[in-house]
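Topology and contacts: notes
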2 protein chains.
Amino acid sequence: MAEQKATNVTWHEHTVTKDERFQLAGHKGVVVWFTGLSACGKSTIANALDNKLHQMGKHSFVLDGDNIRLGLNKNLKFSPEDRTENIRRIGEVAKLFASSGTIAITAFISPYKADRDAVRALFAPGEFIEVLVDASVETCEARDPKGLYKKARAGEIPNFTGISAPYEAPDKAELVLDANTKGIEELTNEVFAYLESKGVLKA
Amino acid sequence: MAEQKATNVTWHEHTVTKDERFQLAGHKGVVVWFTGLSACGKSTIANALDNKLHQMGKHSFVLDGDNIRLGLNKNLKFSPEDRTENIRRIGEVAKLFASSGTIAITAFISPYKADRDAVRALFAPGEFIEVLVDASVETCEARDPKGLYKKARAGEIPNFTGISAPYEAPDKAELVLDANTKGIEELTNEVFAYLESKGVLKA
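Keep in mind that this is a model prediction, so the values were computed, not measured. (Residues numbered from 1 in each chain as written. Chains lettered and ligands numbered in written order. Predicted model: local features only at pLDDT ≥ 70, side-chain atom pairs only at ≥ 80, totals over all residues. Heavy atoms only, no water.)

Some details on the overall build of chain A
Selection criterion: The way it works is that DSSP assigns letters per residue, a run of H or I at least four long becomes a helix, a run of E at least two long becomes a strand, and they are numbered from the N terminus. Working definition: with a 1.4 Å probe on protein chains only, accessible area under 20% of the residue-type maximum means buried, over 50% means exposed, and in between means partly exposed. Any two residues having at least one pair of non-hydrogen atoms within 4.5 Å are treated as being in contact. Charged-residue counts in this description rest on Lys and Arg as positive and Asp and Glu as negative, His and the chain ends being excluded. For charged residues, the charge sits on one atom: NZ in Lys, CZ in Arg, CG in Asp, CD in Glu.
Along chain A, the regular secondary structure elements total eight helices and five strands. Each helix and strand of chain A, placed in order from N terminus to C terminus, yields the pattern α-β-α-β-α-α-β-α-β-α-α-β-α. Reported as C-alpha extents along the three principal axes, the dimensions of chain A are approximately 75 × 35 × 25 Å. For chain A, the residues scored as buried account for 50% of the 203 residues in total. Taking contacts inside chain A between residues at least 6 apart in sequence as the whole, the part at least 24 apart equals 75%. Computed over 26 positive and 28 negative side-chain charges, the inter-centroid distance for chain A is 2 Å.

As C-alpha cells, then:
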C-alpha cells in the first residue's frame, strides 16, 4: 500500500458533469443554429425564441452579431478565411454554453456548408440543431431594414451574401422555416415545438 | 400618425435583459478570474468552487485549459502575442457567460498585467473578480504534478512562466489566496465567502 502523504484527507475533488448541469438547469444544453441570408429574420426569431424560453424558466442565450462581432471576433473581417474562423469560434463558444446547460441560440448568416458542418462535428447527435431560415433574396431585399442590399447592389459592400458572395443552403437541416410566407411568431413556435418534441426542454 | 402597415400586430419584440437573466438564475453573473503560476492550484480551486456553487444550485462554469486550449484557442501558441490573444478571447467568452447569468470561473496563468487589465475593462465594477493564487516558484516546483518545471529547467519548454518568462502579479486583485501554506478547501471557502459578502450569490 502506498503511504498516505496527504494532510488534507477530507478533500475529495469532483468535477461537475454535463448531466449534473442539465439536471440543475431542468433541461438539456444544445445549440439552435440559425442560418440564412441577411434580413431573413434569423436574429428576430432567435431573440423571440430566447424570450419565450426565458419566460418558461429555461436558461437560454443568444449569440449574434451584436455580442460577437464587437467582442470575441472584432479582429476578424469578411474574407472567406475570416468568415470560416468567425464561425469556428462561434461554434466553440456555443459548445461551451451547451456544456454549461444553456440552450445556446446562434444567429449568423454562416453561408458555407463546410463551416457549419465543422461546427456540427463538435457536438454529439441531437445537440446541434441546424435551422434554415428560408427566405428568397427577393424577400430579404424587399425588407432590407439596414439598407445593406441597396449598398451591396451599388457595389459599396463587397462579398455580400446572396448578391456577390455565395450562400450554401444546408441539405440536412433539422428544421426549415418558411420565412417567405410566415411571420415571426409562427416560426418561433415551430422551433419551440421541435425542441419540445425532441425532449430538449426537460433534463 | 403613421399608417399601420404591420399585419403581425400582436407580436412585440423583447430582448431579455441581463437583470432578468440574473433573476432567473437567482444570483448575479460575474467572472472569478484566477491568476497564478503553473501548478499553484488555480484549476483545482476553480473546480472546487464550481462544485460548491453547483451543489448550492448556483449556475457556474469553469473555463480552463482543458476546454479552451483544445477548442476555441487551439490555433494559438505561447508567443507573447498569442498569449495576449488567448486571454482576450477568454475574457470575451467570460463576459458572455456573465451576461447570461452564469458565475464564470477562469483558471489560466494569465501572466501579463496589461492583458488582465484589458479583460477587467470589459466589465462593470464588481463583475470582474481577480483572484491571485499566490504560491512561490519553489512551492509550485516542489508540486510539479505534470513535470513541467522539470522540463522547463532542462530547457525543453521555452517561455515557461516563472522560469524563463515573466509573471506579473496583480497589484489590485480583489482577493489574494495564500497557496503556500493553505489547502484547497480553505482557499475555496475564502473565495466563496468573498462572493457571498459582495452579494454575488443573490439576484
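Moving on from the model shown.
Here we look at the sheet that holds strand β3 (residues 103–107) of chain B
All names here are of chain B. Definition in use: At least two bridges found by DSSP between two strands are what make those strands a pair. Angles shown run from 0 to 180 degrees and are taken between the N-to-C directions of axes, each axis being a line fitted to C-alpha atoms and, for helices, limited to the stretch in contact.
Taken together, five strands build an open sheet; the order of strands is β2-β3-β1-β4-β5 and the sheet is parallel. Pairing within the sheet leaves two strands with one partner each, and these edge strands are β2 (60–64) and β5 (175–178). Across this sheet, the average inter-strand angle for adjacent strands is 20°, counted without regard to direction. Looking at chain direction, β2 and β3 are connected through five bridges and run parallel. Residue pairing across strands places L63 opposite T106, the latter belonging to β3. Running over the sheet, helix α5 (residues 113–120) touches β1 (30–35) and β4 (128–134) and is turned about 150° from β4.

Some points on the relation of the copies chain B and chain A
Stated precisely, the cut-off is as follows: Least-squares superposition aligns the copies on the C-alpha atoms of those residues with pLDDT at or above 70 in both.
For the pair chain B and chain A, the best superposition has an RMSD of 0.0 Å and corresponds to a rotation of 180° with a translation of 0.0 Å parallel to the axis. One copy is carried onto the other by what is essentially a two-fold rotation axis. Residue V93 of chain B, judged by its C-alpha, is the member of chain B lying nearest the rotation axis, at 3.6 Å. Comparing interface residues between copies, 100% of those in chain B also sit at the interface in chain A, which points to an isologous, same-surface contact.

Points about the nonpolar core
Here is the rule: Grouping buried Ala, Val, Leu, Ile, Met, Phe, Trp, Tyr and Cys residues that are joined through side-chain atoms within 4.5 Å yields what is termed a nonpolar core.
Judged by nonpolar contacts, the single largest core of 36 residues is most densely connected at L63, V93 and F97 of chain A together with L63, V93 and F97 of chain B. Of all elements in the fold, only β1 (30–35), β2 (60–64), α3 (65–72) and α4 (80–99) of chain A together with β1, β2, α3 (65–72) and α4 (80–99) of chain B reach the threshold of two or more residues within this core. Excluding anything up to four places from it in sequence, F97 of chain B contacts L96, F97 and S100 of chain A together with F61, L63, T102 and A104 of chain B.

A closer look at helix α1 (residues 18–25) of chain A
We apply this condition: What the arc measures is the spread of directions leading from the helix axis to the C-beta atoms.
Every buried residue of α1 of chain A is accounted for by R21, F22 and A25 of chain A. Viewed end-on, α1 of chain A has its buried residues packed into an arc of 100°, placing them on one side of the element. Looking at the buried side of α1 of chain A, the elements it contacts are α4 of chain A together with α2 (42–55) and β2 of chain B. One or two positions beyond α1 of chain A, positive phi appears at G26 of chain A, with a value near 90°.

Details of the side chain of E85 of chain A
For clarity, the cut-off: Identification of polar contacts relies on pairs of N or O atoms within 3.5 Å, with a donor-acceptor requirement for protein atoms, meaning one able to donate a hydrogen and the other able to accept it, and with residues adjacent in sequence counted only if both atoms are side-chain atoms.
By the secondary structure assignment, E85 of chain A is in helix α4. By relative accessible area, which is 13% here, E85 of chain A ends up buried. For E85 of chain A, the side chain forms a polar contact with the side chain of R88 of chain A, separated by 2.9 Å. Every residue in contact with E85 of chain A, bar those within four places of it in the chain, is listed here: L76 of chain A together with N75 and R89 of chain B.

Let's talk about the pattern of salt bridges
Rules: Take a side-chain nitrogen of Lys or Arg and a carboxyl oxygen of Asp or Glu: if they are within 4 Å of each other, that pair is a salt bridge.
By the definition in use, this model includes 24 salt bridges over all chains. Residue E174 of chain B pairs with R120 of chain B through a salt bridge whose shortest N-O separation is 2.9 Å. One end of the pair, E174 of chain B, is in the loop between α7 (148–153) and β5; the other, R120 of chain B, is in helix α5, with 54 residues separating them in the sequence. For R120 of chain B, a relative accessible area of 18% puts it in the buried group. A single salt-bridge network, built from bridges that share partners, covers E85, R88 and R89 of chain A together with E85, R88 and R89 of chain B.

With respect to the packing of aromatic side chains
Short version of the rule: The pairing test for Phe, Tyr and Trp rings, Trp by its six-membered ring, is centres within 6.5 Å, and the orientation test on the planes gives stacked under 30 degrees, edge-to-face over 60, and tilted for anything in between. As a reminder, the over-ring test applies to NZ of lysine and CZ of arginine, requiring each to be within 6 Å of the ring centre and within 35 degrees of the ring normal.
Counted by the stated rule, this structure contains nine aromatic pairs over all chains. Between F123 of chain A and F128 of chain A, the ring centres sit 5.8 Å apart and the planes meet at 35°, which makes this aromatic pair tilted. Residue class for F123 of chain A comes out buried when judged on its relative accessible area of 10%. Each ring, one from Y149 of chain B and one from F160 of chain B, has its centre 4.9 Å from the other, and the planes form 75°; the classification is edge-to-face. Remark: F160 of chain B occurs in the loop between α7 and β5 and Y149 of chain B occurs in helix α7; sequence separation between them is eleven residues. Both residues of the pair, Y149 of chain B and F160 of chain B, count as buried. Three or more aromatic residues joined by ring pairs make a cluster, and in this case those are F61 and F97 of chain A together with F61 and F97 of chain B. Residue placement shows K52 of chain A over the ring face of F192 of chain A; its charged tip is 4.8 Å from the ring centre. The ring of F78 of chain A has R69 of chain A sitting right over it, with the charged end atom 4.2 Å from the ring centre.

In short, the description is geometric, and any link to function would need to be established separately.
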